[in-house]
Amino acid sequence: MTKTFKIIFIFLMISILACSNSDNDEADATTNEEEIKNQEEENEVDSTKPTFLENEDPKPSEKKWVKVEELSDEFDGDELDTNKWNPTPKFIWNGQDRGWYGSSRSLFEADNVSTGNGFLRIEGEKFNSPKYSPKDNNSEAPQRRYGGAYVYGKTLAEPGYYIEARMKASKTAMSAAFWLKSETKPCTDNFNDGENLEIDIQECVGIFTGELGDEWTNDDWAVNSEWDKIFHYNTHRHNSPCNNIGERQTKGGKTNFDKKNADEFHIYAAYWHADGSKVDFYIDGALEKSVTPVIPFKGALRLIMSSNFYDWIEEINAKEMGFENPLEERYTRFDWVRVWKLEEL
């Protein structure tokens, strides 16, 4: 065997082994998901009505819940329904991309979004080398080292909706979030009188990094809040060119689970009152807290499912952050999303 042939042979064997390992990762993820789905189907909630425990449904007696099909999905297909969802934050307005592509060290990419075995999956990854977002200044060194995704509804959510999702965080330092936000339009064109509003139905991380006294933890609030086993919900009124309120104004709350967000599914939900005066947050069909925002949230908002690398997460080695875990453990999973509105009987 010549030296050249030996080199070619070794290269081919490495390539085959790499492909085999990748295929094994995919196969393991598929097997794991099928097991999860089979186990959970025994306790599956009724998809024809919203999830409420007894005496928790706020529906008036003279009305009924009707599913908003444009914002509801069981994710049973092999591909994302792009009639309903946009797999990237790209948003062109008057020829300008007004999308937000992630926190400073993160990048939202469509190739991290997939569906399979009845789940929407957002993969968390650590890049081999940093990347630019479409809006970054390429004259500066790239800083985005972690990949996630931002999937948003092409139909806007309205006040009066009950919005719920069954989801589970990945076993990585990436976030798992289900939320609503004002569209990134100029002040005079958005649906909120120029206000920049946000409703976080749930946001958490799969693995928390950082310790008390660590500079990344922002006065230790994140450590004490146990962000890897949290039900964290908020209403935010952000500063914008239209209101100039200064610091963000927030009303919300949190509670903690016994288990980590990466270890079990929960149903996270919000009933957004029709007049915008309150948002009721629910966990597994039970009312957790009614929140009165600092101003009424009256305008339509974008519904979002995302996984991000937060700026306050401490960056340690890839293994400890979960990025060397099998693919099945690097998925943030959404089992389903269901949105409901009230109509007269």
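Residues numbered from 1 in each chain as written. Predicted model: local features only at pLDDT ≥ 70, side-chain atom pairs only at ≥ 80, totals over all residues. Heavy atoms only, no water.

A. Expanded view of the layout of surface pockets. In this structure, the largest pocket encloses a volume near 740 Å³. Considering the residues around the largest pocket, the lining is formed by 31 residues, among which Trp-100, Glu-198, Glu-203, Arg-248 and Tyr-310 are closest to the centre. Secondary-structure elements contributing two or more residues to the lining of the largest pocket are strand 11 (175-181), strand 12 (196-205), strand 13 (230-238) and strand 18 (302-307). The class makeup of the residues in the lining of the largest pocket is 10 nonpolar, 13 polar and eight charged. (1 Å grid on protein atoms, 1.4 Å probe; cavity = no way out; pocket = protein on both sides within 12 Å on 5 of 7 lines; lining within 4 Å. Points joined across faces, edges and corners; volume = space filled by probe spheres on them. Helix = DSSP H or I, 4+ residues; strand = E, 2+ residues; numbered from the N terminus. Nonpolar A, V, L, I, M, F, W, Y, C, P; charged D, E, K, R; others polar.)

B. Fine view of the state of the cysteines. What the rule picks out here adds up to one disulfide. Residue Cys-187 pairs covalently with Cys-242 via a disulfide, S to S 1.6 Å. Note on the Cys-187 and Cys-242 pair: the S-S dihedral is about -120°, so by sign convention the disulfide is left-handed. Note that Cys-187 is positioned in the loop between strand 11 and strand 12 and Cys-242 in the loop between strand 13 and strand 14 (249-256), a separation of 55 residues in sequence. For Cys-187, a relative accessible area of 28% corresponds to the partly exposed category. (Disulfide = S-S within 2.5 Å. Buried < 20%, exposed > 50% of the residue type's maximum accessible area, 1.4 Å probe, protein only.)

C. Spatial organisation of the nonpolar core. Ile-163 and Phe-178 are the most contacted members of the largest nonpolar core, which has 63 residues in total. Membership of the second largest hydrophobic core comes to seven residues, among which are Tyr-162, Ala-269, Tyr-271 and Tyr-282. (Core = buried A, V, L, I, M, F, W, Y, C linked by side-chain atoms within 4.5 Å.)

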